[in-house]
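An overview of the molecular structure
Now for the letters of each chain:
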Amino acid sequence: MTSRLYIEDLSNHIGEQVTLAGWLYNKRSSGKIRFLILRDGTGLVQGVLVKNNLAEEIFNKFDELTQESSFRMTGTVRKEERAPGGYEMDVQNVEIISIAKEYPISPKDHGVDFLMDRRHLWLRSSRQHAIMRVRHEIIRSIREFFDTRGFTLMDAPIFTPAACEGTSTLFETEYFDLGKAYLTQSGQLYGEAGAMAFGKTYVFGPTFRAEKSKTRRHLTEFWMVEPEVAFNDLNDNMDLAEALLQHIVANVLKNRMPELTSLERNTAFLENVAKPLPRITYDEAVAILHKKGLPFEWGNDLGGTDETVISEEFDRPVMVHRYPSAIKAFYMKRDPENEKLALAVDVLAPEGYGEIIGGSQREDDYDLLLGRIKEHDLPQEAFDWYLDLRRYGSVPHSGFGLGVERTVSWICGLDHVRETIPFPRMIYRLTP
RNA sequence: UCCGCGGUAGCUCAAUGGUAGAGCACGUGACUGUUAAUCACGGGGUUGUAGGUUCGAGCCCUACCCGCGGAGCCA
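Residues numbered from 1 in each chain as written. Chains lettered and ligands numbered in written order. Predicted model: local features only at pLDDT ≥ 70, side-chain atom pairs only at ≥ 80, totals over all residues. Heavy atoms only, no water.

If you walk through the whole model with that rule in mind, you get 14 aromatic pairs. Here F146 and Y202 contribute two aromatic rings whose centre-to-centre distance is 4.8 Å and whose plane-to-plane angle is 25°, an arrangement assigned as stacked. Here Y202 lies in strand β10 (residues 200–208) and F146 lies in helix α5 (residues 126–147), a separation of 56 residues in the sequence. One exposure class covers both F146 and Y202, and it is buried. A centroid spacing of 5.2 Å and a plane angle of 75° characterise the contact between Y175 and F176, whose relative ring orientation is edge-to-face. A network of ring pairs unites the aromatic residues Y190, F330, Y331, F383, W385 and Y386 as a single cluster. Here K27 stacks its cationic end above the ring of F62, 4.7 Å away from the centre of that ring. Over the face of the ring belonging to F114 we find R118, whose NZ or CZ atom lies 3.9 Å from the ring centre. (Phe/Tyr/Trp six-rings, centres within 6.5 Å; stacked < 30°, edge-to-face > 60°. Helix = DSSP H or I, 4+ residues; strand = E, 2+ residues; numbered from the N terminus. Buried < 20%, exposed > 50% of the residue type's maximum accessible area, 1.4 Å probe, protein only. Lys NZ or Arg CZ within 6 Å of the ring centre and 35° of its normal.)

It is worth spelling out unusual backbone geometry at this point. One non-glycine residue with positive phi stands out, namely E68, at about 75°. As for its placement among the helices and strands, E68 is situated in the loop between α2 (61–64) and β4 (70–79). The buried category is assigned to E68, whose relative accessible area is 6%. Within the chain, D377 stands out as a residue other than glycine whose phi angle is a positive 55°. Secondary-structure assignment places D377 in the loop between α12 (366–375) and α13 (384–391). Given the relative accessible area of 70%, D377 is considered exposed.

Further remarks concern the pairing of strand β2 (residues 33–39). Burial within β2 is extensive, with six of its seven residues counted as buried. Relative to β2, strand β1 (residues 17–29) is paired through six bridges, and the arrangement is antiparallel. The residue of β2 that forms the bridge with K27 is L36. Taking the residues that link successive antiparallel strands as the turn, the β1-β2 hairpin has three residues, and the phi of G31 there is positive, at about 80°. Pairing geometry for β2 and strand β3 (residues 44–50), over seven bridges, is antiparallel. Looking at β3, one finds that R39 is bridged to L44. Between β2 and β3, which pair antiparallel in sequence order, lie four residues; one of them, G41, sits at a positive phi of approximately 95°. (Pairing = 2+ DSSP bridges.)

Formed by 45 residues in total, the largest nonpolar core has its most connected members in I142, L402, W410 and I411. Among the elements that make up this core, the one with the highest residue count is helix α7 (residues 234–255) (ten residues). Counting 30 residues, the second largest nonpolar core, distinct from the first, contains L189, I288, L302 and Y331. (Core = buried A, V, L, I, M, F, W, Y, C linked by side-chain atoms within 4.5 Å.)

A few words now on the sheet that holds β4. As summarised here, the arrangement of the five strands in space is β1-β2-β3-β5-β4, forming a closed barrel in which the pairing is mixed. Neighbour-to-neighbour, the strand axes of the sheet open up by a mean angle of 55°, direction not taken into account. (Axes fitted to C-alpha atoms, helices over the stretch in contact; angles between N-to-C directions.)

Attention shifts here to α13. Helical periodicity: at 3.6 residues per turn, an α-helix aligns residues three or four positions apart in one direction. Within the sequence span of α13, burial applies to Y386, L387, L389 and R390. The buried residues of α13 occupy an angular sector of 140° when the element is viewed end-on, so they sit on one face. Looking at the buried side of α13, the elements it contacts are α6 (188–198), α12 and β17 (397–403). (Arc of directions from axis to C-beta. Contact = heavy atoms within 4.5 Å.)

In the vicinity of RNA strand B, 44 residues are found, and the nearest of them are R28, N52, R209, R216 and R406. Each atom of RNA strand B within 4 Å of the protein belongs either to a base or to sugar and phosphate, the latter forming 48%. Between a base nitrogen of RNA strand B and a main-chain N or O atom of S29, the distance comes to 2.6 Å. Side-chain polar atom of H416 to a phosphate oxygen of RNA strand B: 3.0 Å apart, as the coordinates give it. (Near = heavy atom within 4 Å. Polar contact = N/O pair within 3.5 Å; in protein donor to acceptor, adjacent residues only side chain to side chain.)

Spelled out as structure tokens, the structure:
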């Protein structure tokens, strides 16, 4: 393949004649001068067609081109202060590749449902483009963070024989002659096996929840990264979560500022992530709620509104740790200083974005873990392999899960997670 | 599952119970610097579905369908 020129590289080709290939984003005309706006996936550039400088046949290709038609445009690159990207092309030739039928997404207002039905086309728009690029930067940063710190990627299976935590509603399917299988809701238990084998591991993959959650924070299929580290206690775990968030946000600010700007994201809260993240206990969180006059009862889990109220007290993500063990998963270790508490931590994003990280120190004692499994009425044989991790050289260990879509939503300042993933899956949406 | 809001042109939305409209998109024309270009003209409707009230229903009533937001659950 010959090296192809993209719009993002135009700054190195000022004064040269080049050919770009892409799609028609929009066009404008003013009689004897016409403008074609080409989109090639890396940016937009305006081509200028002047009637007196062009063969009539080329000038008239303007009339044939419809929105999103594919074509090649050859011309001379010129710096142009008035152009949004800073560059413009004086067009010498236009080669039509395919004329698009009437494009359903016009440059004006559309409702979300209409756009979601055409998600495969909506992804071409500049706003979705910006979000996807930030998502990519976040995922790239996550991998970079762990890969440069000696973590081994150890992905967990999607098909699982039983509920990981026994609480959520799972998607169920027939699995040959072996009965029912379930789509995973978390790779964590497998991650723990990985940590006992490799010391530091992370699981990174899709997870599935069949609950009929109907809010701006929920998808039925979402991506989660779950590091797990042998010998880490809760404090180590919080240090790791803090460093990961700081790495992600710093990279997005460094590499995706144009995208954040086009999303009109106020980056003040993001800049604050570089500072140490506040850590408060569940008790202190409850005190904040009471101070604000909310009728919150100790022992309950924090609801969406509670999380928002707590996060409003801080100008960056806040870590809430040591929750009542009764409301947390069976595998979380109890606080040796207070048996009513679990060594759990949630990270709440600011501005009401809610929980983006949930994690804990794991129970490493065989007898206590077995007792929890029984207390939660979980099928013991399904967890036999998991108990092996406590039979053979058990050590303290910790980990957490970071929800990718909620993180993207927060960093981009979106009002719904459905725009953070290319093809969202929600209770009422399975297509496209 | 519960609570609230909504469904009118391809899209976004108007319309005291009294002739269904605008902007955008599309088509035709004008314009040599447009930035969601502008201007003129034009085609475009089973008002979510089924009933009911009324001289007359997009509007009022009943049921249902679909969507959105929130609660619960969670990342």
